[in-house]
Amino acid sequence: MPDIVDRETRSRMMSGIRGKDTKPELLIRKGLHARGFRFRLHSSRVPGRPDLILPRYHAAIFVHGCFWHSHACHLFRMPGTRTEFWKAKLERNRHRDAEVREVLLKNGWRILVIWECALKGKYRLDPDEVLDRATAWVRGDETEGEIAGRSV
Ligand SMILES: [Zn+2]
C-alpha cells in the first residue's frame, strides 16, 4: 500500500468500508447546516446515494475521496502492491461514477463534487472558501460543479 494513503483511508481499504461519514463529509454537512441549508443524507431513493441532497435546489453533493475516485491530484497514487486488483476496482468505481452522473442529470439533478483534496493535504483550501463556493453553487443554476484543492 502506498505511503501516501493516510491512516483513515488505509483502515477503510483494509476493512472494506468507504465513503461514509468521512471527516471532509462531516465538515461539509456541519458548514452547510450552519449556513441554513437543510438536506438529506445518503438517500437511497436517489441514484448513486449522494452524500447530501438538497431537493429544493435539485442539488446532489458528493464528497469524493481522491483515492477511491481516482482524482488526478497528489492524494491519489496507484498502490504498488496488488496493483491489478486495485486497477480493476478503481476502474469499476470510475464506470459507476459516470453512470450515476448520467442518471442523475437525466433525472433533473444538479451535481456538485467536492474533492477530498479541497479539505485535506497541503493544497487544501480554507474550509470557509469551500463552503462559500458550495453555497454559491447550490444557490446558482450551474448543472455541474467541482471543488478541488489548489494543485488541480
Ligand atoms: Zn483530489
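Use the structure listed above.
These figures come from a predicted structure and were not determined experimentally.

**Q** Which parts of the structure should I look at to understand the pattern of salt bridges?
**A** Pairs may arise between side chains of opposite charge once their charged atoms sit close together. With the rule as written, the count across this model stands at 8 salt bridges. A salt bridge links Arg-35 to Asp-132, with the shortest nitrogen-to-oxygen separation between them at 2.9 Å. In this pair, Arg-35 sits in the loop between helix 2 (23-34) and strand 1 (40-41) while Asp-132 sits in helix 4 (residues 127-139), placing the two residues 97 residues apart along the sequence. Residue Arg-35 is classed as partly exposed on the basis of its relative accessible area of 29%. Relative accessible area serves as the criterion here: at 45%, Asp-132 is assigned to the partly exposed category. In this structure, Lys-87 engages Glu-84 in a salt bridge whose closest nitrogen and oxygen atoms are separated by 3.9 Å. One end of the pair is Lys-87 and the other is Glu-84, both in helix 3 (residues 83-106) and 3 residues apart, which spans about a single turn. One continuous salt-bridge network, built from bridges that share partners, spans Arg-35, Asp-128 and Asp-132.

**Q** Could you clarify how one ought to interpret the pairing of strand 3 (residues 59-64) in this entry?
**A** Two faces belong to every sheet, and in a regular strand the side chains alternate between them. Burial runs high along strand 3: 6 of the 6 residues are buried. Covered by surrounding structure in strand 3 are Ala-59, Ile-61 and Val-63 together with Ala-60, Phe-62 and His-64, the residues of both alternating faces.

**Q** Explain the packing of helix 2 against helix 4 to me, please; I cannot follow it from the model alone.
**A** When two helices pack together, their arrangement is given by the angle between the helix axes and by the axis-to-axis distance. Taken N-terminus to C-terminus, the directions of helix 2 and helix 4 make an angle of 65°; their axes are 10 Å apart at the nearest point. Helix 4 is crossed by helix 2, and the crossing has right-handed handedness. Between helix 2 and helix 4, the contacting residues are Leu-27, Ile-28, Gly-31 and Leu-32 on the first element and Pro-127, Val-130, Leu-131, Ala-134 and Thr-135 on the second. Considering only residue class, the contact of helix 2 with helix 4 consists of 7 nonpolar, 2 polar and no charged.

**Q** Looking at this model, I keep getting lost on the coordination of the zinc ion. Mind explaining?
**A** Four donors placed tetrahedrally about a metal ideally form angles of 109.5 degrees, and six donors placed octahedrally ideally form angles of 90 or 180 degrees. Taken together, Cys-66 (SG), His-71 (ND1), Cys-73 (SG) and Cys-117 (SG) make up the protein donors of the zinc ion, found 2.0 to 2.4 Å from the metal. The coordination sphere of the zinc ion comprises 4 donor atoms, whose angles at the metal cover 103 to 115°; the geometry is tetrahedral. Mapped onto the polypeptide sequence, the residues donating to the zinc ion form the spacing pattern C-x4-H-x1-C-x43-C. A relative accessible area of 11% places Cys-73 in the buried class.

**Q** Which parts of the structure should I look at to understand unusual backbone geometry?
**A** Negative phi values dominate among residues other than glycine, just as trans dominates among peptide bonds. The backbone of His-42 sits at a positive phi, close to 45°, despite the residue not being glycine. By the element assignment, His-42 lies in the loop between strand 1 and strand 2 (52-54). In this structure, Arg-82 takes a positive phi of about 50° despite not being glycine. On the basis of relative accessible area, Arg-82 is assigned to the exposed category, the value being 57%.

**Q** Can you help me understand the nonpolar core in this one?
**A** Nonpolar side chains tend toward joint burial in soluble globular proteins. The biggest cluster of nonpolar side chains holds 19 residues, and the ones touching the most others in it are Ile-28, Leu-32, Ile-61, Leu-112, Ile-114, Val-130 and Ile-147. Secondary-structure elements contributing two or more residues to this core are helix 2, strand 2, strand 3, strand 4 (110-115) and helix 4. It is helix 4 that contributes the most residues to this core, 5 residues altogether. Contact partners of Val-130, with chain neighbours within four places excluded, come to Ile-28, Ile-114, Ala-118, Leu-119, Leu-125 and Ile-147. Core analysis: the next-biggest nonpolar cluster, separate from the first, contains 15 residues, Val-46, Val-100, Leu-104 and Trp-109 among them.

**Q** Looking at this structure, how should I read the packing of aromatic side chains?
**A** Between two aromatic rings, the relevant description is the distance of the centres plus the angle of the planes. Across all of its chains, the model carries 6 aromatic pairs by this definition. Geometrically, the ring pair formed by Phe-67 and Trp-86 is edge-to-face, given 5.5 Å between the ring centres and 70° between the ring planes. Separated by 19 residues along the polypeptide, Phe-67 in the loop between strand 3 and helix 3 and Trp-86 in helix 3 bring together distant segments of the chain. For the residue pair Phe-67 and Trp-86, the accessibility class agrees, reading buried in each case. An aromatic cluster of three or more residues is present, and its members are Phe-67, Trp-68, Phe-76, Phe-85 and Trp-86. Of note, Arg-82 hangs over the ring of Phe-85, and the distance from its end group to the ring centre comes to 4.2 Å. Sitting over the ring of Trp-137, Arg-110 keeps its end group 4.1 Å from the ring centre.

Rules of the game
- Residues numbered from 1 in each chain as written.
- Predicted model: local features only at pLDDT ≥ 70, side-chain atom pairs only at ≥ 80, totals over all residues.
- Heavy atoms only, no water.
- Salt bridge = Lys/Arg side-chain N within 4 Å of Asp/Glu carboxyl O.
- Helix = DSSP H or I, 4+ residues; strand = E, 2+ residues; numbered from the N terminus.
- Buried < 20%, exposed > 50% of the residue type's maximum accessible area, 1.4 Å probe, protein only.
- Axes fitted to C-alpha atoms, helices over the stretch in contact; angles between N-to-C directions.
- Left-handed = near helix turned anticlockwise from the far one by under 90°.
- Contact = heavy atoms within 4.5 Å.
- Nonpolar A, V, L, I, M, F, W, Y, C, P; charged D, E, K, R; others polar.
- Donors = N, O, S within 2.8 Å, 3.2 Å for Na, K, Ca; no water.
- Tetrahedral: all angles 85-135°; square planar, octahedral: opposite > 155°, others 65-115°.
- Core = buried A, V, L, I, M, F, W, Y, C linked by side-chain atoms within 4.5 Å.
- Phe/Tyr/Trp six-rings, centres within 6.5 Å; stacked < 30°, edge-to-face > 60°.
- Lys NZ or Arg CZ within 6 Å of the ring centre and 35° of its normal.

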